[in-house]
Amino acid sequence: MKTDVLRDHVFRYPHLASLLGAHAGSHVISDKPPAITERAAGANMSIDVGPFSYVLNGIVGAKTSTTNVPIAASDSKPRIDLLYLAPDGNLAILKGAASAKKPMMEDIWQKWEEPYPADFSTNDGLLLAEILVPANATSIRNEHIRNIVVPAIPADFNIIHSVEIFQRGTEIIARKADGTILESGIAGVDDTDVFDAAAAGCPNNGSIGIGPGTYILEANKLFYLSDNSTTNPFYYAFGPAMEGKNCHVYGSGPGVTILKMANNQHYSGHLAVLILNRTTGDMNNGFTSFTLANLTLDGNRANQEIVSAIDGPGLYLSGSIRTNEKILNVEMIDSFGYGAYLGNNGSGPAKGVIISGIYAKNCYKSAICLDTTADVSISNSVIYDGSIGLEVLGNTDYATREYDNISITGVTCKRAGITIWCINGCVVSGCTMDITGAVVHSYGLQVHCSRNIDIVGCRFTANKTSQYVTYIDGGGYIQDGSYDQVKFRDCTFDGFQALKVFGSAVVEAYNCTFHAYTHSGTPGAAILLKEFDETISAVVYLYNCELIAGSPDTYLISGTNGGIVVLIGCYALTPGAFNVNIPVYAWECTGAGLAKWKSRWIAEVGYNSTPAGPSTISMNLDRTAHIAAGMPIKYWTTAGGWGYGVVTSITSNQLVFAGMPMSGNINALFVGTSEMVCSIDYLIPGSYASSANNSLIQTFQKSFSIWQGPPARLVRISHRALSADSGTAPRVTASINGNPVGTDNSNTGLPVSTSWTHTAYGINGSYNSINLGDSIELRTTQGGSGDSTFLTVSLVFVLEK
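The model shown is predicted, which means the values in this text are computed figures rather than measured ones.

What counts, and where the lines are drawn
- Residues numbered from 1 in each chain as written.
- Predicted model: local features only at pLDDT ≥ 70, side-chain atom pairs only at ≥ 80, totals over all residues.
- Heavy atoms only, no water.
- Pairing = 2+ DSSP bridges.
- Helix = DSSP H or I, 4+ residues; strand = E, 2+ residues; numbered from the N terminus.
- Phe/Tyr/Trp six-rings, centres within 6.5 Å; stacked < 30°, edge-to-face > 60°.
- Buried < 20%, exposed > 50% of the residue type's maximum accessible area, 1.4 Å probe, protein only.

A.B. asks: So what exactly am I meant to see when it comes to the pairing of strand β54 (residues 654-659) here?
C.D. replies: Put simply, side chains in a regular strand alternate between the two faces of the sheet. Where strand β51 (residues 616-618) meets β54, three bridges bridge the pair, whose relative direction is antiparallel. Looking at the pairing, I617 lines up with L655 of β54. Sheet analysis places strand β53 (residues 641-650) next to β54, joined by five bridges and oriented antiparallel. Across the sheet, I650 pairs through a bridge with L655, a residue of β54. The hairpin turn running from β53 into β54, its antiparallel successor, is three residues long.

As structure tokens, then:
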């Protein structure tokens, strides 16, 4: 410290040096200060210093008797000496330079300037007083003495902790705020004992401050996580908030204060945790306030055994019902298990968790794992290299419990994924994830059996050769719930498989980009609905999204074993491939890649998935104001695939149609517009059924009929005769390209009468498709008497698009 920094009578050099010394661990114990006075028996060049107690560089000591301290003889110029307690426990004087300067118009000697022969540091000792030695003085008077001793700063002062842990040379010391030494030892050898003493000596609602340095800790304390101290044994190194005690732990900064697990602490049968906070037993309440801030946690992974499939081991583990848990500005590196595992151990959710400013790298398991928490904020963190970077877990009651209220913002994961599992209510915003180059297999963004998940403004990336960016399921291979409800807004997905959805997941994406690639002849997919060979029922809704195929053979949409894809206002500027045997509905989509899916079908809701009959649908909502008889419908059933029909009647709870029969459950129902329905009437004159005839149009009208429109489906065959057969009525049907469409009466059609007869579900879905140029004919069987006359046949078609 320079001697000319401050010259004020309060904050001049000696006083400032004394304050710094107090902060560094040297101060007088406040209730036992020294009495520094002039010599009692006669005036001479000395002072008396009475008994006092002190802390000198963290060591508690006491002067038990009055000591007379001589002052060097006065010179012709005034000077200012410093009285101090040296490290050897003796009182000493730092003599001034006999050139104290009196500023103009300043008579108070405490404002004089004094250049000392050497800078005074905290290593020199504990400053006690300034002594004015006047010019040509023969004695020191009380008015020449200024006591500048600094007592212990109160424990609630914002830069002083209840307990401090610090290193001094080769020593490690745990000291209370009043100067009491709790424990000391050799740094790197006795660190664990010192930390244990600090944890025990920290009062409830107190704090532990840890100074610069690397502290080597051993997991030497056994704790049972479950069944009231009988099962699930763990060994921990540092427990600042055990058994419900509130505590706050602060380091001097990441990379400055380092808590490092000693070698060979984590192995099979000896599961280790660097910091453990919880209570004995499953149901006891934990802390109501805890902070871990400003330090590095180092798991020393290279010198530990890796034990797989175990929840909890790692750098930080907390449990029990608790509130106000904060982890701030913490570096977590080289964990043999988790970085931070915030668990509950079956006793209920932890509430009020704030995690911010985390830098995590090379954690074997998750860098951050929340297991059954609520009211959580995770922000502004960077995670590298882990099987999972961020893992948020809940219980299987997610569909019925109250919202978890979890917020994740500004988190970056590199070579580490993000998992959300059985969560009800989570917002993820402004995050990035890139699993390219991940050392272990990563599921990327995995959302399993969750509800009310909103993911906004994020970018998710995987490699372009094999990885899928997302892995979203609702009760797929692990049955944790009925379905998964996830919404994406303004997100980008870039990887070999961009969006993978299966199980019973329900996913909505708005204004998102899905970019997929082909590698070595194997195409990925922008949208993939598949998981092994299992039958799925997932539904994906895309609104104003962009699908990008890396190559023309890259699938824009791929799904063959169940599920539905609905695209509204989406676009794909370049062509891609399709591998679909599932419903794909597209409305007002643009671009060359989605041209084939441009459609006027509108997805319908409010129906029962179990048909009431082959052509009857039970309605859960009254849709009579929106659907009318004569409107076309399109439906996908689990056993029959796509079917088409025309509504013949609708009530508040039932829709009846004519068309292809339904088989299995209904996975999708669409309603088209009125211009998508067209009909053709044919008049066959005279006695048309005197014999069987498969070409009534050509025979009686002397003409031919071909289809001149876009792809369509014949869904209803109606007919009526002017006069009936006096014997058995003939049966009439229609054919397309020579294949009979009607299936009634073994593909011969319904009997003709003098009133209209209509097919219901007697339509062959294999033959009712019609394309430009396909031929249409009418067929009849022979009537009993052959005298039925003037046949009218009306065919109703529904356009496919």
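A.B. asks: Explanation requested: the packing of aromatic side chains in the structure shown.
C.D. replies: Given two aromatic rings, their pairing is described by the distance between the two centres and the angle made by the two planes. A full pass over the atoms with the stated rule returns 21 aromatic pairs. For the ring pair F287 and F290, a centre distance of 5.4 Å and an interplane angle of 35 degrees mean the geometry is tilted. Overall, the relative accessible area of 1% leaves F287 in the buried class. A residue is classified by how much of its surface remains accessible, and F290, at 0% relative accessible area, is buried. Residues W707 and F797 carry aromatic rings whose centres are separated by 4.7 Å and whose planes lie at 35 degrees to one another, so their mutual orientation is tilted. With W707 in the loop between β57 (705-706) and β58 (712-723) and F797 in strand β65 (residues 789-799), this residue pair connects regions lying 90 residues apart in the sequence. Taking relative accessible area as the criterion, F797 reaches 0% and is therefore assigned buried.

A.B. asks: When you look at unusual backbone geometry in this model, what are you seeing that I'm missing?
C.D. replies: Trans is the common state for peptide bonds, and a negative phi is the common state for residues other than glycine. One non-glycine residue, N264, lies in positive phi territory at about 60 degrees. Position of N264 relative to the elements: it lies in the loop between β19 (257-261) and β20 (272-277). In this structure N264 comes out as exposed when scored by relative accessible area, which is 58%. Backbone geometry places S320, a non-glycine residue, at a positive phi of 75 degrees. Looking at the element boundaries, S320 is found in the loop between β22 (314-318) and β23 (323-333).

The values reported here are purely geometric and, on their own, carry no functional implication.
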